[in-house]
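The chain contents come next:
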Amino acid sequence: MATTTTNLGAGSEDRVMATAQQILKSLNTPKEVREDMLLIFSSFDNRLSNITDLVNENSDATGGRFEAAEKVILRWDTSSSSSNADASRHSLPWEDSPDEAAEYLSAVDEILQLVVDMSIRSDNEIMDRAETAIQMAMSRLEDEFRLILIRNTVPLDLERLYGSIRRVSLSFAANEGEIGEEFESFGEVDSVRGCFHDRGPSFGDDLCMDLINPDAVMELKEIAERMINAGYEKECVQAYSNVRRDALDECLVILGVEKLSIEEVQKIEWKALDEKMKKWIQAVKITVRVLLNGEKRLCDQIFSGSNSIKEICFNETAKGCVMQLLNFGEAVAIGNRSSEKLFRILDMYDVLADALLEFEMMFTDEYMCTEAKGVLDGLGDAAKGTFLEFENAVKNEASKKPMQNGEIHPLTRYVMNYVKLLVDYSQTLNSLLESDEDEADGLQSEDGDLETVTPFAKRLLLLISSLESNLEEKSKLYEDGALHCIFLMNNNLYIVQKVKDSELRKLLGDNWVRKRRGSIRQYATSYLRACWTKALYCLKDEGIGGSSNNASKVALKERFKSFNACFEDIYRIQTGWRVPDPQLREELRISISEKVLPAYRSFMGRFGNQLESGRHAGKYIKYTPDDLENYLLDLFEGKPLVLQHMRRKST
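Predicted model only: the values in this text are computed from it and were never measured. (Residues numbered from 1 in each chain as written. Predicted model: local features only at pLDDT ≥ 70, side-chain atom pairs only at ≥ 80, totals over all residues. Heavy atoms only, no water.)

**Here we look at the overall build of the protein**
Thinking step 1. The helix and strand inventory of the protein stands at 24 helices and two strands.
Thinking step 2. Within the protein, the fraction of its 651 residues that count as buried is 48%.
Thinking step 3. Taking all contacts inside the protein whose residues are at least 6 apart in sequence as the whole, residues at least 24 apart take part in 80%.
Thinking step 4. Element-wise, carbon and sulfur atoms account for 48% of the exposed surface of the protein, whose accessible area totals about 32,200 Å². (Helix = DSSP H or I, 4+ residues; strand = E, 2+ residues; numbered from the N terminus. Buried < 20%, exposed > 50% of the residue type's maximum accessible area, 1.4 Å probe, protein only. Contact = heavy atoms within 4.5 Å. Areas by Shrake-Rupley, 256 points an atom, 1.4 Å probe, with all protein chains shown as cover.)

**Structural notes on the packing of aromatic side chains**
Thinking step 1. Under the defined criterion, the tally for this structure stands at 21 aromatic pairs.
Thinking step 2. Judged by centre distance (6.2 Å) and plane angle (20 degrees), the ring pair of Phe563 and Phe567 falls under stacked. Taken together, the residues Phe563 and Phe567, both in helix H21 (residues 553-574) and four residues apart, mark about one turn of the helix.
Thinking step 3. For the pair Tyr623 and Tyr631, a centre-to-centre distance of 5.8 Å together with 85 degrees between the ring planes defines the contact as edge-to-face. Like Tyr631, Tyr623 is buried.
Thinking step 4. Its end group placed over the ring of Tyr537, Arg559 keeps NZ or CZ at 5.6 Å from the ring centre. (Phe/Tyr/Trp six-rings, centres within 6.5 Å; stacked < 30°, edge-to-face > 60°. Lys NZ or Arg CZ within 6 Å of the ring centre and 35° of its normal.)

**Observations concerning the pattern of salt bridges**
Thinking step 1. Within this structure, the stated rule accounts for 31 salt bridges.
Thinking step 2. As a salt-bridge pair, Lys506 and Glu503 come within 3.2 Å of each other at their nearest N and O atoms.
Thinking step 3. A single network of salt bridges, built from pairs that share partners, joins Asp109, Lys221, Glu225 and Arg226. (Salt bridge = Lys/Arg side-chain N within 4 Å of Asp/Glu carboxyl O.)

**As for the packing of helix H13 (residues 342-362) against helix H16 (residues 426-433)**
Thinking step 1. One way to put it is that H13 packs onto H16 with a least axis distance of 11 Å and a crossing angle of 90 degrees. When the axis of H13 is compared with that of H16, the two are roughly perpendicular. Residue-level contacts link Leu346, Tyr349 and Asp350 of H13 to Thr428, Leu429 and Leu432 of H16.
Thinking step 2. Broken down by class, the residue content of the contact of H13 with H16 amounts to four nonpolar, one polar and one charged. (Axes fitted to C-alpha atoms, helices over the stretch in contact; angles between N-to-C directions. Parallel < 35°, antiparallel > 145°, perpendicular 65-115°, else oblique. Nonpolar A, V, L, I, M, F, W, Y, C, P; charged D, E, K, R; others polar.)

**Here we look at the packing of helix H17 (residues 455-475) against helix H20 (residues 510-537)**
Thinking step 1. Running from amino to carboxyl end, H17 crosses H20 at an angle of 5 degrees, the nearest separation of the two axes being 14 Å. In terms of their interaxial angle, H17 and H20 are classed as roughly parallel. Counting all contacts with H17, which are made through Leu461, Ile464, Glu468 and Glu472, the residues of H20 involved are Trp512, Arg516 and Tyr523.
Thinking step 2. Across the contact of H17 with H20, the residue classes tally to four nonpolar, no polar and three charged.

**Remarks on the side chain of Thr287**
Thinking step 1. With respect to the helices and strands, Thr287 occurs in helix H11 (residues 270-302).
Thinking step 2. With relative accessibility at 1%, the residue Thr287 sits in the buried group.
Thinking step 3. Separated by 2.6 Å, the side chain of Thr287 and the backbone oxygen of Ala283 make a polar contact.
Thinking step 4. If sequence neighbours within four positions are ignored, Thr287 has contacts with Leu252, Leu292, Asn293, Cys321 and Leu325. (Polar contact = N/O pair within 3.5 Å; in protein donor to acceptor, adjacent residues only side chain to side chain.)

**Comments concerning the side chain of Arg140**
Thinking step 1. Considering the arrangement of structural elements, one finds Arg140 in helix H6 (residues 124-151).
Thinking step 2. Overall, Arg140 belongs to the buried group, its relative accessible area being 10%.
Thinking step 3. At 2.8 Å, the side chain of Arg140 and the side chain of Glu144 are in polar contact.

**A closer look at the environment of Pro402**
Thinking step 1. Turning to its location among the elements, Pro402 is positioned in the loop between helix H14 (366-396) and helix H15 (410-422).
Thinking step 2. By relative accessible area, Pro402 is classed as partly exposed at 31%.
Thinking step 3. Once you skip the residues sitting within four places of it in the chain, Pro402 turns out to touch Leu477 and Tyr478.

**Here's the deal with unusual backbone geometry**
Thinking step 1. A positive phi angle, close to 65 degrees, is found at Phe636, a residue other than glycine.
Thinking step 2. Turning to its location among the elements, Phe636 is positioned in the segment after helix H24 (625-632).

Following this line, the structure appears as structure tokens:
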């Protein structure tokens, strides 16, 4: 075949040469085949006779670049055949050798680029060396990546966290006294100290903490980019996840969260479990607000070049600590139900409900969100079931020993302080109890319209109605009808005051409060009738044999003696009774005075002069109206007194 010569000018000749070079390069053929192709090209056009020299020059230059990069990588490889001193020098921490680290990364980039550009693939020997160099480099980078993560992990700063916490405590007070076993375990029961239900920490919106020293993030990002470009993303993700998973586990330890099985959790005594539940609630808040948000931000920074990798990395890193928290939540949800646990369970439910919203935005792994939703549903069922069991316990509490002085029963204090705290969870309880509204069938609203009453308010109406019925039964334990009324007055007033002075009033309504106040007035009327009717009968005119001038002195003496005996008996007994509310106590005294004192004054005015002129008048007319008025001030103080041998207190 004749060689063709075409005169197209220098520019065209350059373009022909470049095109031929590109063809050879893209074909990526072995050296022998490439030489044959060069001969074929030159036979077509004598201008291509120089291409052999050009390609060989390019090949030599590429080989030189590769060898220079390979030398850097081998120099850093502590397992290579270099001297121990040299190896030791290049095993210094990455951060302490920034220039050499930059040189190493450049060498990695060089080899990767040569492989990507296919500049060395035509030479099998160099290609094998390149793959070996890349493996060495990736192993070294993986180790450095791991060490940088470990050395630059920032410990969880609890002091700073706690400085950002606003603590919310709810007061829960109860009184000493006999109460059923169902109610004994909820906190301290003390007349001086209150019981406090701590709702846990509330964090500021600007809470943000670095989990890794910010100066190290760029170094980690640079290493991650090389490993991903080399196809070692799996190893990079694994190295990151292992280190950060351990760091998150350590954070949970610092927060007081232990790794416990479900069986171990269910064997824990309540006081210890309560502390663990409080720590769990706090840990979930910190994990979501600080740890997971920080971890998500860190993954976004280090693996910014690949959405899929940073999502996988975050999911793998966070899964362990989240599952540990969820396992404890599940153990609580399926544990024994008792009234003292309700507030903690509701707190756990609320904090996990908030966390679930964050999980759904953070995790692309649906498994995590599904698990969290399952535990949340379990806690909801536990809270609802515990509340319903509390209702039954109130209804069936059957202590048979009456309060000696008609005082407020411990059950009343317990239940009303309990439900007062529950109001803070109205929104949660409304959502949980919404599906159980059939339980309120037959319930009558004081306002006559149950459709506008929330599910939680309906349950409260039922609960307080059960409490009132139970108190009515307990009042029957009193043989004294007057003390029966005092007991019901004290307890019903306590219920009304707890409702009136709290958010309970909005739930139960003003009509409910007015109706209970009416009941208290009826009990007061019944008390006066049961207690003072006999004394007032002694001051009537019937049966004394005539008018004020000729009444039988014997009958008068008997009437005054009977009245004195009645009054002294009432005084002796009822000074030991207790009405703790000062306003009710004063109103009762006024009601007694309005009934007794006018009748006594009138009786003395009509008949007293017939006895005062006789011998031993003081034996029968022992008290003036003012004496009685003063003595009435001693009633209902809970301090039994005796009027024996006491005469005319006013003098």
